[in-house]
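# Analysis of the macromolecular model
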Amino acid sequence: MKLTAADAAELAEMLQFLSQWLARDPGRLGPSLAQFVGHPAYGLDELRGDLERFVFLLGGSDGEPLFGP
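With that out of the way, let us pick up the nonpolar core. Membership of the largest hydrophobic core is limited to eight residues, which are Ala12, Leu15, Leu22, Leu29, Leu33, Leu44, Leu51 and Val55. Leave out the neighbours within four places in its chain, and Leu51 touches Leu15, Leu18, Ser19 and Leu22.

With the rule as written, the count across this model stands at two salt bridges. Arg28 serves as the salt-bridge partner of Asp25, at 2.4 Å between the closest nitrogen and oxygen. The closest approach of N and O atoms between Asp50 and Arg53, which form a salt bridge, is 2.3 Å. Of this pair, Asp50 and Arg53 are both found in helix 3 (residues 44-57), three residues apart, which corresponds to roughly one turn of the helix.

Take the packing of helix 1 (residues 5-24) against helix 3 next. When two helices pack together, their arrangement is captured by the angle between the axes and the distance separating the axes. At a closest axis distance of 9 Å, the pairing of helix 1 and helix 3 adopts a crossing angle of 160 degrees. With respect to each other, helix 1 and helix 3 are oriented roughly antiparallel. Crossing geometry of helix 1 relative to helix 3 is assigned as left-handed. Of the residues in helix 3, those in contact with Ala12, Leu15, Gln16, Leu18, Ser19, Leu22 and Ala23 of helix 1 are Leu44, Leu47, Arg48, Leu51, Glu52, Phe54 and Val55. Each residue belonging to the contact of helix 1 with helix 3 can be placed in one class, and the counts come to ten nonpolar, two polar and two charged.

How each quantity is defined
- Residues numbered from 1 in each chain as written.
- Predicted model: local features only at pLDDT ≥ 70, side-chain atom pairs only at ≥ 80, totals over all residues.
- Heavy atoms only, no water.
- Core = buried A, V, L, I, M, F, W, Y, C linked by side-chain atoms within 4.5 Å.
- Buried < 20%, exposed > 50% of the residue type's maximum accessible area, 1.4 Å probe, protein only.
- Contact = heavy atoms within 4.5 Å.
- Salt bridge = Lys/Arg side-chain N within 4 Å of Asp/Glu carboxyl O.
- Helix = DSSP H or I, 4+ residues; strand = E, 2+ residues; numbered from the N terminus.
- Axes fitted to C-alpha atoms, helices over the stretch in contact; angles between N-to-C directions.
- Parallel < 35°, antiparallel > 145°, perpendicular 65-115°, else oblique.
- Left-handed = near helix turned anticlockwise from the far one by under 90°.
- Nonpolar A, V, L, I, M, F, W, Y, C, P; charged D, E, K, R; others polar.

Here's what the structure looks like:
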């Protein structure tokens, strides 16, 4: 599948939005994700890391959330 640059940018923005939302209220969202996933090995930090990696791969960030400044 090929994405246009505009589609990749839009997808990256949506993934960043979701990552920021997950960071906003981990006290409520963490338990909900844990119940949904059913295993403690994959939590909010792992999900946010995955989202940030996808954003980086789409060219939507410089990787600072992943690799630091």
